[in-house]
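# Working through the structure, step by step
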Amino acid sequence: MKDCVFCKIIAGEIPSAKVYEDGEIVLFKDIAPLAKIHLLCVPKEHYAHLSEWNAARKRVLADALEKIAALAPSLGLEDGYRLVINQGESAGQTVPHLHIHILGGEPLGWEK
Ligand code: 5GP
Ligand code: ZN
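Residues numbered from 1 in each chain as written. Chains lettered and ligands numbered in written order. Predicted model: local features only at pLDDT ≥ 70, side-chain atom pairs only at ≥ 80, totals over all residues. Heavy atoms only, no water.

## Some details on the pattern of salt bridges
This structure, assessed with the given rule, holds eight salt bridges. Taking the shortest distance from any N to any O, the salt bridge between Arg57 and Glu45 comes out at 2.7 Å. Here Arg57, found in helix H2 (residues 55–71), pairs with Glu45, found in the loop between strand S3 (37–43) and H2; they are 12 residues apart in sequence, far enough to count as distant. In this structure Arg57 comes out as buried when scored by relative accessible area, which is 14%. Residue Glu45 is classed as partly exposed on the basis of its relative accessible area, which comes to 40%. Connected through salt bridges with shared partners, the residues Asp22, Glu24, Arg59, Asp63 and Lys67 form a single ionic network. (Salt bridge = Lys/Arg side-chain N within 4 Å of Asp/Glu carboxyl O. Helix = DSSP H or I, 4+ residues; strand = E, 2+ residues; numbered from the N terminus. Buried < 20%, exposed > 50% of the residue type's maximum accessible area, 1.4 Å probe, protein only.)

See the structure below:
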């Protein structure tokens with residue numbers, strides 16, 4: 001989609017530190033990391049919200065979780081990791097292209 005930063009990264013129009021890519025998803029380092037390791041897992045198809053799910057999108061995301069689990073040890077996440085999907089402004093979603101944050105590489109807090 002025009003004007004979407006993640007679509008531009010997927011198209012190679014904006015540089016990114018990619019750590020994995022296949023036909024359906026790409027994983028790259030977040031530009032403003034909130035943990036020692038902070039990756040973004042982004043489906044290549046542009047849509048913003050889980051409410052826009054259909055069977056194909058559901059399969060891509062389920063497969064993405066399986067791929068993240070398989071890749072985790074090689075990404076430095078062997079001690080554990082946190083997955084976050086921000087949905088909507090109140091949750092802090094700033095890029096309207098669905099993505100999974102992958103955080104880890106250090107002990108993570110869980111306090112308000
Ligand atoms: P959200 O706030 O929408 O859940 O997450 C968007 C994330 O994308 C943020 O953590 C932000 O740092 C990251 N981000 C925004 N623009 C870029 C960019 O151009 N390159 C990379 N690698 N990450 C970006
Ligand atoms: Zn997009």
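## Notes on the site of ligand 1
Every one of the 16 residues lining ligand 1 counts as a neighbour, but Asp30, Asn86, Gly92, Thr94 and His101 are closest to it. At 2.8 Å from an oxygen atom of ligand 1 is found a side-chain nitrogen or oxygen belonging to Asn86. Out of a free accessible area of 520 Å², ligand 1 has 83% covered by protein chains. Of the pockets mapped on this structure, ligand 1 occupies the largest pocket. Those elements giving two or more residues to the shell around ligand 1 turn out to be helix H1 (5–10) and strand S2 (25–29). (Near = heavy atom within 4 Å. Polar contact = N/O pair within 3.5 Å; in protein donor to acceptor, adjacent residues only side chain to side chain. Areas by Shrake-Rupley, 256 points an atom, 1.4 Å probe, with all protein chains shown as cover. 1 Å grid on protein atoms, 1.4 Å probe; cavity = no way out; pocket = protein on both sides within 12 Å on 5 of 7 lines; lining within 4 Å. Sits in = over half its atoms within 2 Å of the grid points.)

## What about the side chain of Asn86?
Considering the arrangement of structural elements, one finds Asn86 in the loop between strand S4 (81–84) and strand S5 (100–104). Discounting residues that sit within four places of it in the chain, Asn86 has contacts with Ala91, Gly92, Gln93 and His101. (Contact = heavy atoms within 4.5 Å.)

## What about the environment of Glu52?
Relative to the assigned elements, Glu52 resides in the loop between S3 and H2. Taking C-alpha positions, Glu52 is 26 Å from Ile31, a pair spaced 21 residues apart along the chain. Beyond its immediate sequence surroundings of up to four residues, Glu52 is in contact with Tyr47 and Arg57.

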